Amino acid sequence: QVTLHASAELDARRVKQYTLTLWASCPGEDEVEERLFVWVMAGQVLRCDAPFASAGGDVVQVLADVAPRTPLYVVLPQPLGGLMVSSVCPRFRLRNHDTPLVLTRQGLVLAPADGFNASKDTQMFRLEIEVMDRHGHNCSGTVRVEVLPSHRPRVTFLEPQWAVTVPEGIGPLEVVTQVHASGDNVRYAILAPTAPALFTIDEVTGEIRSTCQLEVAHARLLVRAYNALHPTDHATTMLNVTVQGTGRRAPSCVPALSMSQVPETVSPGSTLVTLRCTDPTGTNGSLHYALEGPPTSRSRFCMEGPRLQVNTTLDYDSEAVAAVGFQFTATIVVTAGGQPPRSTHVPVLVTVTPVNEFTPVCPSGATFTVPETAAFGSTVGRVAGTDRDYPLDSLEYSLEGGPSPTQPFSIDTRTGEIRVVGPLDSQRHKSYRLTVRLTDTRNDLDPAKRRSCLCDVAVHLQAVPDQAPVCTPEVQELRIMARSGGRQPVTHLACQGSPDGAVLAYTIAGGNEDGRFQLEGNTLFYLPNDLAETRTFVLLVEVWGGPGAPRRSTVVALVVHVTPRSTPVPPSTTTRRTTLRKEPLVVTRTEAAWHPPAWFVAVLTVSGALLLAALGCVAQSLLCR
């Protein structure tokens with residue numbers, strides 16, 4: 001009994017036939033040798049990757065601090081028989097459910113939603129995955145995920161408790177102090193009080209600022225520092241802030257902090273905020289207002305008495321506004337007369353919001369060419385639309401009508417790349433006319449205010465010839481005289497392949513069992529040997545157009561009459577080539593195989609034995625008579 005090895009992988013495109021030589025012998029008898037020919041037929045079989053489908057499975061090593069739901073592994077089935085992966089539509093199923101890892105419908109293995117346990121020991125997870133296509137073909141494999149301990153530094157504060165003393169009169173958004181913790185990706189937050197009334201903290205820098213003009217007070221702040229990627233890694237510290245009195249009162253203004261949000265189309269001269277300031281001494285008429293801050297802010301805003309006004313246009317789409325993060329900061333200094341002068345600082349923050357002003361523009365000459373044999377997922381081209389609104393060229397692409405048999409294309413919504421998602425046939429469609437919609441995104445504060453345009457895209461199909469080689473003639477009758485010495489040429493095959501001039505391949509498919517002939521390119525050679533009498537050989541030569549798929553071939557029949565040197569021959573000894581009609585010579589090549597089941601062989605054997613017994617009885621009765 002001959003069986004297929006468990007780890008064997010058959011591929012009809014590489015090896016179509018295997019020849020097995022079998023020896024058998026019994027004690028006291030001669031050894032018997034036979035050959036077994038195994039043909040491999042092409043079929044649609046789903047096959048998984050070698051490491052994944054092996055006995056030990058594939059191994060993936062990750063650190064314990066990997067972010068939650070991070071892709072760790074992807075299962076890639078390899079279908080045979082000329083189908084692409086996306087056309088097979090594989091389904092993935094997890095056999096064992098005793099693991100926190102997640103397997104998606106696309107075959108992605110993701111980290112747990114809560115991340116891995118930060119253990120000092122190596123953790124091991126095993127996943128048994130089965131892959132099946134819509135035809136019922138399946139394969140399975142194993143993935144082992146080794147979670148290694150993380151060596152990143154922990155988030156820690158140098159001091160568990162801080163004490164800060166500041167004078168009263170500090171204006172809003174002025175820096176009071178700064179906390180610092182060591183670690184990676186550190187962020188800061190105030191835990192208590194849950195709604196701090198006097199202070200706020202910058203989550204990146206740890207700077208603690210006042211939210212209003214400070215008066216004599218005492219506050220206790222519980223500050224937490226944590227890793228932004230792993231929030232479970234955190235530390236806390238207690239901050240005591242004491243505001244001491246100074247005995248000097250500066251002007252008081254309402255509001256103490258100005259935060260404005262204006263659209264980019266606001267006209268110059270518009271008032272953003274009007275301050276209402278009072279002097280504790282009662283001389284409000286002696287207050288002076290001045291604007292301080294970066295030059296970019298002072299050039300775009302100005303003070304008209306207590307009113308902060310827009311001085312010039314605020315173009316959200318300009319590089320200058322983008323460079324400051326679309327926010328302008330300044331400080332209004334309110335100074336009261338007297339000696340020494342007393343002043344109050346009112347921080348100003350102006351945020352410019354976008355307005356969708358421009359419509360997307362289609363590219364000029366959106367025409368692409370793709371061969372009709374393009375595989376599923378092949379890139380046809382990219383539609384590069386433009387938009388003058390900031391962020392520049394922030395577009396979404398969509399295909400009107402969507403993919404269909406009459407429109408076998410799809411478009412990437414983010415990049416605008418057009419890809420093939422269906423079969424192409426240049427005989428039915430010479431070209432396709434696609435309508436692509438360009439829609440801008442993130443160009444207005446109101447997400448509903450979006451602009452779009454339609455673009456015409458032409459996709460031309462490039463025909464790919466696939467005819468078999470043509471040989472002239474298809475049948476030849478040749479006569480040669482065998483001579484001593486080296487090999488002698490017999491004939492040159494005249495075959496023509498595809499118009500692109502691809503190199504043709506030749507092989508002797510039949511009739512050369514004793515190896516008397518040899519092919520080099522399109523030339524047939526005869527290898528002389530001890531031939532006693534004239535002999536006729538019928539050779540079948542297969543010609544195909546190189547290693548490309550699919551393989552289309554032509555078979556040429558050669559009838560070669562070989563006459564030994566000592567045998568009389570007709571006066572004309574030249575090689576004669578004639579093109580025979582196909583009726584006189586019929587070359588039949590039949591391949592049949594029958595493998596009856598065991599029960600059929602048993603029934604046939606018993607029936608034959610009964611028949612022989614019946615015939616024996618009849619013969620005996622006749623002889624007795």
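Residues numbered from 1 in each chain as written. Predicted model: local features only at pLDDT ≥ 70, side-chain atom pairs only at ≥ 80, totals over all residues. Heavy atoms only, no water.

## Digging into unusual backbone geometry
Now for step 1: Here the amide bond leading from alanine 192 into proline 193 is cis, since omega sits at -5 degrees, within 30 degrees of zero.
Now for step 2: Topologically, proline 193 is positioned in the loop between strand E16 (186-192) and strand E17 (199-201).
Now for step 3: For the peptide bond that leads from tyrosine 390 to proline 391, omega is -5 degrees, which places it in the cis range.
Now for step 4: Mapped onto the elements of the fold, proline 391 is located in the loop between strand E31 (379-382) and strand E32 (395-399).
Now for step 5: Phi is positive for asparagine 185, close to 50 degrees, though the residue is something other than glycine.
Now for step 6: Inspection of the secondary structure puts asparagine 185 in the loop between strand E15 (181-182) and E16.
Now for step 7: Using a relative accessible area of 39% as the deciding quantity, one classes asparagine 185 as partly exposed. (Helix = DSSP H or I, 4+ residues; strand = E, 2+ residues; numbered from the N terminus. Buried < 20%, exposed > 50% of the residue type's maximum accessible area, 1.4 Å probe, protein only.)

## Side note on the sheet that holds strand E18 (residues 207-210)
Now for step 1: Here we have 3 strands laid out as an open sheet, ordered E14-E18-E17, and antiparallel in their pairing. Looking at the sheet topology across the chains shown, the edges are occupied by strand E14 (175-178) and E17. Neighbour-to-neighbour, the strand axes of the sheet open up by a mean angle of 25 degrees, direction not taken into account.
Now for step 2: Across 3 bridges, E17 lies against E18 in antiparallel orientation. Residue pairing in the sheet places threonine 200 in a bridge with arginine 209 of E18. (Pairing = 2+ DSSP bridges. Axes fitted to C-alpha atoms, helices over the stretch in contact; angles between N-to-C directions.)

## Regarding the pairing of strand E10 (residues 123-132)
Now for step 1: Pairing analysis gives 4 bridges linking strand E7 (residues 91-94) to E10, with the strands arranged antiparallel. Each residue of the ladder has a partner; that of phenylalanine 92, found in E10, is valine 131.
Now for step 2: Here 10 bridges tie E10 to strand E11 (residues 138-148), and the two strands are oriented antiparallel to one another. Bridge assignment links glutamate 128 to a residue of E11, and that residue is threonine 142.
Now for step 3: The antiparallel hairpin formed by E10 and E11 contains 5 residues in its connecting segment, where glycine 136 sits at a positive phi of about 90 degrees.

## Thoughts on the nonpolar core
Now for step 1: Core analysis: the biggest nonpolar cluster contains 27 residues, and Tyr289, Phe301, Leu308, Leu314, Ile332 and Val334 have the highest contact counts within it.
Now for step 2: Within the residue set of this core, elements represented by two or more residues are strand E23 (271-274), strand E25 (288-292), strand E26 (301-304), strand E27 (307-310), strand E28 (327-336) and strand E29 (342-353).
Now for step 3: Counting residues per element, this core draws most heavily on E28, at 5 residues.
Now for step 4: Judged by nonpolar contacts, the second largest core, of 25 residues, contains Tyr73, Val75, Phe116 and Val145. (Core = buried A, V, L, I, M, F, W, Y, C linked by side-chain atoms within 4.5 Å.)

## Side note on the packing of aromatic side chains
Now for step 1: In the structure shown here, the tally under the stated rule is 10 aromatic pairs.
Now for step 2: Measuring from centroid to centroid gives 5.9 Å for tyrosine 316 and tyrosine 390, while their planes differ by 70 degrees, and the two rings are edge-to-face. Placement of tyrosine 316 in the loop between E27 and helix H4 (319-323) and of tyrosine 390 in the loop between E31 and E32 is noted, with a sequence separation of 74 residues between them.
Now for step 3: Owing to a relative accessible area of 11%, tyrosine 316 belongs among the buried residues under this scheme.
Now for step 4: Aromatic ring contacts, followed pair by pair, group Tyr316, Phe326 and Tyr390 into a single cluster.
Now for step 5: The residue whose ring lies beneath arginine 388 is phenylalanine 358, and the NZ or CZ to ring-centre distance is 4.0 Å.
Now for step 6: Directly above the ring of phenylalanine 525 sits arginine 487, whose terminal nitrogen or CZ lies 4.1 Å from the centroid. (Phe/Tyr/Trp six-rings, centres within 6.5 Å; stacked < 30°, edge-to-face > 60°. Lys NZ or Arg CZ within 6 Å of the ring centre and 35° of its normal.)

## Some points on the environment of leucine 308
Now for step 1: Within the secondary structure layout, leucine 308 lies in strand E27.
Now for step 2: Classification of leucine 308 by relative accessible area gives buried; the value is 1%.
Now for step 3: Between the alpha carbons of leucine 308 and serine 270 there is a distance of 8.5 Å; along the sequence they are 38 residues apart.
Now for step 4: Those residues in contact with leucine 308, other than ones at most four positions away along the chain, are Ser270, Thr271, Leu272, Val273, Leu291, Phe301, Cys302, Met303, Ile332 and Val348. (Contact = heavy atoms within 4.5 Å.)

## Focus: the UniProt feature "transmembrane region" (unreviewed entry) in the chain
Now for step 1: UniProt tags residues 598-623 as "transmembrane region" (unreviewed entry).
Now for step 2: Helix makes up 100% of residues 598-623 and strand 0%. Its end C-alpha atoms lie 38 Å apart. (UniProt positions renumbered as here; feature names shortened; annotations may be inferred.)

## Focus: the environment of threonine 335
Now for step 1: Following the sequence through the fold, threonine 335 ends up in strand E28.
Now for step 2: Residue class for threonine 335 comes out partly exposed when judged on its relative accessible area of 23%.
Now for step 3: Considered as a pair, threonine 335 and aspartate 279 are 56 residues apart in the sequence and their alpha carbons are 9.4 Å apart.
Now for step 4: Sequence-distant contacts of threonine 335, that is, excluding residues within four places in its chain, are made with Ser286, Leu287, His288, Pro341, Arg342 and Ser343.

## Notes on the state of the cysteines
Now for step 1: Overall, the coordinates contain 4 disulfides when judged by the stated rule.
Now for step 2: Across the disulfide from cysteine 362 sits cysteine 455; the S-S distance is 1.9 Å. Residues cysteine 362 and cysteine 455 share a disulfide whose torsion about the S-S bond is about -85 degrees; that sign makes it left-handed. Highlighted residues: cysteine 362 in the loop between E29 and strand E30 (367-371) and cysteine 455 in strand E36 (residues 452-462), separated in sequence by 93 residues.
Now for step 3: Shown here is the disulfide that connects cysteine 471 with cysteine 495, its sulfur atoms set 2.0 Å apart. Sign of the S-S torsion, about 110 degrees for the bond between cysteine 471 and cysteine 495, identifies this disulfide as right-handed. Of the two residues, cysteine 471 sits in strand E37 (residues 470-471) while cysteine 495 sits in strand E40 (residues 495-496), which places them 24 residues apart along the sequence.
Now for step 4: The disulfide pattern of the chain is 1-2, 3-4, 5-6, 7-8 when the bonded cysteines are numbered in sequence order. (Disulfide = S-S within 2.5 Å.)

## Some words on the sheet that holds E30
Now for step 1: Here we have 4 strands laid out as an open sheet, ordered E30-E36-E35-E32, and mixed in their pairing. Among the strands making up the open sheet, the edge pair consists of E30 and E32. Looking at each pair of strands side by side, their axes are set apart by 30 degrees on average, direction ignored.
Now for step 2: Here 9 bridges tie strand E35 (residues 431-440) to E36, and the two strands are oriented antiparallel to one another. Note on E36: the bridge partner recorded for valine 436 is cysteine 455.

## Remarks on the pairing of strand E20 (residues 234-244)
Now for step 1: Examined bridge by bridge, strand E13 (residues 161-167) and E20 share 7 bridges and lie parallel to one another. Opposite glutamine 161, over in E20, you have methionine 238 as the bridge partner.
Now for step 2: Here strand E19 (residues 217-227) pairs with E20 via 10 bridges, running antiparallel. Bridge assignment links alanine 225 to a residue of E20, and that residue is alanine 235.
Now for step 3: Here E19 folds back onto E20, and the loop between the two strands holds 6 residues.

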